[in-house]
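# Inside the fold
Now for the letters of each chain:
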Amino acid sequence: MSADPRRQVPRTDTLLADPRLAAAGERLGRALVKGAVQRVQQRVRAGEVAPDAAVDAVLAELPGTASSLRPVLNATGVVVHTNLGRAPLSDAAAEAIAAATGTTDVELDLRTGRRGPRGEAAIAALLEAVPAAEAAIVVNNCAAALALVATALGGELVIARGELVEIGDGFRIPELLESTGARLREVGTTNRVTGADYRGALGPDTGAVLKVHPSNFVVRGFTRAVEVGELAAVLAGTGVPLVADVGSGLLRPHPVLPDEPDLQTTLAAGADLALASGDKLLGGPQAGLVLGRAELVQRLRRHPLYRALRVDKTTLAALEATLRGPVPPVQQMLAADVAGLRARARALAARLAGAGIDAVAVDAESRVGGGGAPEHPLPGAAVSLPLEFAEPLRLGARPVVGYVEDDRTLLNLRSVLPAADDALADAVLEVAAGWT
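Summary of the structure given here. (Residues numbered from 1 in each chain as written. Predicted model: local features only at pLDDT ≥ 70, side-chain atom pairs only at ≥ 80, totals over all residues. Heavy atoms only, no water.)

Helix and strand content of the protein: 18 helices and 18 strands. In terms of overall dimensions, the protein has a C-alpha envelope of 95 × 55 × 40 Å along the principal axes. Taking contacts inside the protein between residues at least 6 apart in sequence as the whole, the part at least 24 apart equals 72%. Here the protein has roughly 21,400 Å² of accessible surface; of this, 52% comes from carbon and sulfur atoms. The distance from the centre of the 44 positive side-chain charges to the centre of the 50 negative ones in the protein is 5 Å. (Helix = DSSP H or I, 4+ residues; strand = E, 2+ residues; numbered from the N terminus. Contact = heavy atoms within 4.5 Å. Areas by Shrake-Rupley, 256 points an atom, 1.4 Å probe, with all protein chains shown as cover. Lys, Arg positive; Asp, Glu negative; His and termini not counted. Charge placed at Lys NZ, Arg CZ, Asp CG, Glu CD.)

Below you can see the structure in the form of structure tokens.
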């Protein structure tokens, strides 16, 4: 008679006592390691893993961190990819987050020992970057900033019909605004609005005029919009604040994106408040930035809803490091020159071809993403691989997300920093090795 296979399965306590698994338990948590142990025990029972290889099998199953989120190489060519977490943070921002994870002086003045202003250094860095602003606050995303403005300013919000947009995943600007209790006064038509339309809509109940950058679409043809400067002139002397949601998070004009609105220009043109995202073209953490007139910003800060929407210490740390530190990855990707991208693609393709892989360098367009500059393609280069590479690259130990075009898998280098080229090549080589 054969031995009972259950007798061959290592005991749970024996496996957990192994020094390597005990160390993993200290780092990842005992429950997570125990779950991996139980899955490997099942594989031992099924004859898939030898009993003496159980510890190695458990170690192979354990994630790099206690979180289920995995680092991904973004080779889609979309610089700010919403499904991949939008802006990749700079090393400086990541280090700032790590430093802020313990107890910090986020609301303490160490000189006096008394309570200090929350996030004072991050706000100061933001105001230095956008000198047209008198004051600023930070909330957890741009939609939160818009909700806070609608709630705190109250009354009727005047907005052009063509700016009642959907901002992604089914969220619509009018529904967001109405959820705060605000009343919307729509002006103009879908494709045309004039200064007279706005002027005629003003009344004693007007809380603000809201201008929203469409961001993820463009209307062409028989159109007319009222720019911030013209709208500020319409509102001059009325006491009605002009709020501009510029969306994408550019602090100043960018040479690569000449038509994308930015905070400095918007405020200098006459907006009383300007709103933007921190995790798009700014290249920082998820945040909603509100900058503008000190009296209005203070009004928002003192509103009870601000308490529910304010950001934590790690976001403040990452935002300050993004503003004061080295050029963040998003800005590096936008600034990458086509010649450099082509040279990298040729070098990577040659390395892979040398290993017997059908890899060639090709020109490829990329995009800003995150709702920014929807009709502004960025020229660049990619490595073209056979179609069958797409899925195993995505499912690899270090996932690589590219895209399929003309029955080929493309790895677009606009969204990959040069320092990651070796990791990209290693991922492709690992897939190819699994087929031999």
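The next thing to look at is the sheet that holds strand 11 (residues 242-247). The pairing of strands in a sheet comes from backbone hydrogen bonds and takes either a parallel or an antiparallel form. Reading across from one edge, 5-13-12-11-10-6-9 is the order of the seven strands in this open sheet, with mixed pairing throughout. Each edge of the open sheet is held by one strand with a lone partner, namely strand 5 (135-139) and strand 9 (183-187). Geometrically, the sheet is characterised by an average inter-axis angle of 25° between neighbouring strands, direction not taken into account. In the sheet, strand 6 (residues 156-160) pairs with strand 9 via five bridges, with the strands oriented parallel. In the strand pairing of strand 9, E156 is matched with R183. With respect to the sheet, helix 6 (residues 120-129) is in contact with strand 5 and strand 13 (288-292), its orientation differing from that of strand 5 by roughly 125°. (Pairing = 2+ DSSP bridges. Axes fitted to C-alpha atoms, helices over the stretch in contact; angles between N-to-C directions.)

Let us now look at the sheet that holds strand 15 (residues 378-386). In space, the five strands of this open sheet follow the order 2-14-15-18-17, with mixed pairing throughout. Unpaired on one side and paired on the other, strand 2 (78-80) and strand 17 (403-405) mark the two borders of the sheet. The average undirected angle you get between the axes of adjacent strands in this sheet is 45°. With five bridges joining them, strand 15 and strand 18 (residues 408-412) adopt antiparallel strand pairing. The partner of A382 across the bridge, within strand 18, is N412.

Spacing of three or four residues puts side chains on the same side of an α-helix, whose turn is 3.6 residues. Listed as buried for helix 4 (residues 54-61) are A54, V55, A57 and V58. What you see down the axis of helix 4 is that its buried residues fit within an arc of 160°, all on one side. (Buried < 20%, exposed > 50% of the residue type's maximum accessible area, 1.4 Å probe, protein only. Arc of directions from axis to C-beta.)

If you walk through the whole model with that rule in mind, you get one aromatic pair. The interplanar angle of 65° and the centroid separation of 4.8 Å between the aromatic rings of F389 and W435 together place this pair among those described as edge-to-face. Pair noted here: F389 is in the loop between strand 15 and helix 17 (390-394) and W435 is in the segment after helix 18 (421-434), with a separation of 46 residues, a long-range link. By relative accessible area, which is 3% here, F389 ends up buried. Judged by relative accessible area, which is 45%, W435 ranks as partly exposed. (Phe/Tyr/Trp six-rings, centres within 6.5 Å; stacked < 30°, edge-to-face > 60°.)

Taken together, the side chains of E365, E405, D406 and D407 make up a negatively charged region of the molecular surface. Mapped onto the elements of the fold, E365 is located in strand 14 (residues 360-369). (Patch = residues over 30% accessible without salt bridge, like charges linked within 9 Å, V, L, I, M, F, W, Y side chains within 5 Å. Salt bridge = Lys/Arg side-chain N within 4 Å of Asp/Glu carboxyl O.)

Between helix 6 and helix 14 (residues 313-324), the shortest axis-to-axis distance is 9 Å and the interhelical angle comes to 30°. The interaxial crossing formed by helix 6 with helix 14 has left-handed handedness. Contact residues: helix 6 offers A121, A122, A124, A125, L126, E128 and A129, while helix 14 offers L316, E320, L323 and R324. Of the residues in the contact of helix 6 with helix 14, the class split is eight nonpolar, no polar and three charged. (Left-handed = near helix turned anticlockwise from the far one by under 90°. Nonpolar A, V, L, I, M, F, W, Y, C, P; charged D, E, K, R; others polar.)

This part is about the pattern of salt bridges. Tallied over the full model, the rule gives 25 salt bridges. When the shortest N-O distance is used, the salt bridge between D109 and R111 registers 3.3 Å. The closest approach of N and O atoms between E320 and R324, which form a salt bridge, is 3.6 Å. One end of the pair is E320 and the other is R324, both in helix 14 and four residues apart, which spans about a single turn. Overall, the relative accessible area of 26% leaves E320 in the partly exposed class. Take R324: its relative accessible area is 43%, and that puts it in the partly exposed class. Members of the salt-bridge network, linked through shared partners, are R39, R43, E48 and E61.

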